Amino acid sequence: RSASAAADLVSELGAGDPGRGARGWAEAVGSVPVAAFTVTKLRWLAEHEPQSLARTAAVCLPHDWLTWQLAGSPGLDWLRTDRSDASGTGYWSPATGTYRLDLLELAAGRAPAVPRVLAPAEPAGGLASPQASRRRGHGDGTGARSGGVVGRSDGETVLGPGSGDNAAAALGLSARTGAVIVSIGTSGTVFAVSPVPSADPSAAIAGFADASGAFLPLICTLNAAGVLTATATMLGVSLDRLAELALSARPGAGGVTMLPYLAGERTPNRPDATGALAGLTMANAAPQNIARAAVEGMLCGLADGLDALAAAGHAVNCVVLIGGGARSEAVRQIAPAVLGLPVEVPDPGEYVADGAARQAAWVLRGGEAPPAWELSPRLRYEAAPEPRVRERYAEVRG
């Protein structure tokens, strides 16, 4: 719904010139607004629900609200956030570490209160007592003692700064330079830890901050594991059977190409796009080819993200594949051929939660760097690149 608001904000910053506006946004906050950003949603609210915006005293993100609740819901001036989630608002700069309240005012017409941005291992505060939690409507108070909370030997229960999900996953995986993480979940993300901030005026790369004090250039596609689920439903098979069918087809799916924009798309920025099956003939219209095309099409969208990172100067040496979609044997085996790189697959796990745990340990221990983290062995997949798959996908996408 807020796609047009994003376009308006870009144009307005450029005084009517979208190209100039995109460069201005990228230089200011590292990212060009798209429909998912907070600043864009605030513009939508200002246009469609001005009475709601008029009642808004402060703007924060979900984990900021949770931290505030765990602390006992103090005044709004107490609100806290972290660098990674702040960098997704569209009005905080990872490069300078400061808010751009002028951009918040551009979107909303005024600047509501915003959270203080914490350092990566800086405590957000302490957990409110059970008695205070009961007074504020939190039941018996025990529910406040799960998630995002760490304890010290002196008995104080400390709240960590938290982070965004992709930043936490990078921390949980001990992401290293050159190893790009590709997460295949509800959305598909391609990201890497970088020592320098990113500012991409094409809007392909979002210039986020990470959870360690560095930066997290990220590409997000809206269509990932859901493409496999939708295709399995269309073929009337299970996800395991879909994988078997895909692996039984030859690379290129007999000439069938799927453009998997089943939910619109974010990268490229096509919010109103729909999916398509191209190249169907009497000879190739078979379940195995459609299954293979779904896997290849989803991976081609992610491969575009790898290309964008490389073009921006980020090291791209191998891929670490995580998320629910990474459990598919078809995805694992086909990914190296489509992505053109070796693929490492760690044991299935909750790497976002692992990152939160590592951050909690860092908050308690202190120091300049997070504590060492033992990682599970990774399976490695390699395959000869199949450039024709990418070429055909690019033709259909265009």
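Structure first, text after, so check above.
Residues numbered from 1 in each chain as written. Predicted model: local features only at pLDDT ≥ 70, side-chain atom pairs only at ≥ 80, totals over all residues. Heavy atoms only, no water.

**Thoughts on the nonpolar core**
Reasoning step 1: If you look at the biggest cluster of nonpolar residues, it comprises 45 residues, and the most contacted ones within it are Ile184, Leu299 and Leu321.
Reasoning step 2: The element best represented in this core is helix α12 (residues 287-311), accounting for 10 residues.
Reasoning step 3: The residues touching isoleucine 184, leaving out its near neighbours within four places in the chain, are Ala224, Ala225, Met298, Leu299, Leu302, Leu321, Ile322, Gly323, Gly324, Gly325, Ala326 and Val331.
Reasoning step 4: Core analysis: the next-biggest nonpolar cluster, separate from the first, contains 41 residues, Val10, Val59, Ile181 and Ala206 among them. (Core = buried A, V, L, I, M, F, W, Y, C linked by side-chain atoms within 4.5 Å. Buried < 20%, exposed > 50% of the residue type's maximum accessible area, 1.4 Å probe, protein only. Helix = DSSP H or I, 4+ residues; strand = E, 2+ residues; numbered from the N terminus. Contact = heavy atoms within 4.5 Å.)

**What about the environment of alanine 107?**
Reasoning step 1: Note on placement: alanine 107 falls in helix α7 (residues 101-108).
Reasoning step 2: Note: C-alpha distance between alanine 107 and alanine 46 (61 residues apart in sequence) is 7.8 Å.
Reasoning step 3: Once residues lying within four places of it in the same chain are set aside, the contact partners of alanine 107 are Leu9, Val39, Leu42, Arg43 and Ala46.

**Section: the sheet that holds strand β15 (residues 343-346)**
Backbone-to-backbone hydrogen bonds join strands into a sheet, with any given pair of strands oriented parallel or antiparallel.
Reasoning step 1: Here 7 strands make up an open sheet; going across it, the order is β10-β11-β9-β8-β14-β15-β16 and the pairing mixed. Edge positions in the open sheet fall to β10 (206-209) and β16 (378-381), since each of these has one partner strand only. Geometrically, the sheet is characterised by an average inter-axis angle of 30 degrees between neighbouring strands, direction not taken into account.
Reasoning step 2: Strand direction decides the pairing type here: strand β14 (residues 316-322) and β15, joined by 2 bridges, are parallel. Across the sheet, residue valine 319 finds its bridge partner in β15, namely valine 343. (Pairing = 2+ DSSP bridges. Axes fitted to C-alpha atoms, helices over the stretch in contact; angles between N-to-C directions.)

**Some words on helix α14 (residues 351-365)**
Reasoning step 1: The terminal C-alpha atoms of α14, which comprises 15 residues, lie 21 Å apart, in line with the 21 Å expected from a rise of 1.5 Å per residue.
Reasoning step 2: Those residues of α14 that sit buried are Tyr351, Gly355, Arg358, Gln359, Ala360, Trp362 and Val363.
Reasoning step 3: In the stretch just after α14, glycine 366 is the one whose phi turns positive, near 80 degrees. (Expected span 1.5 Å × (residues − 1).)

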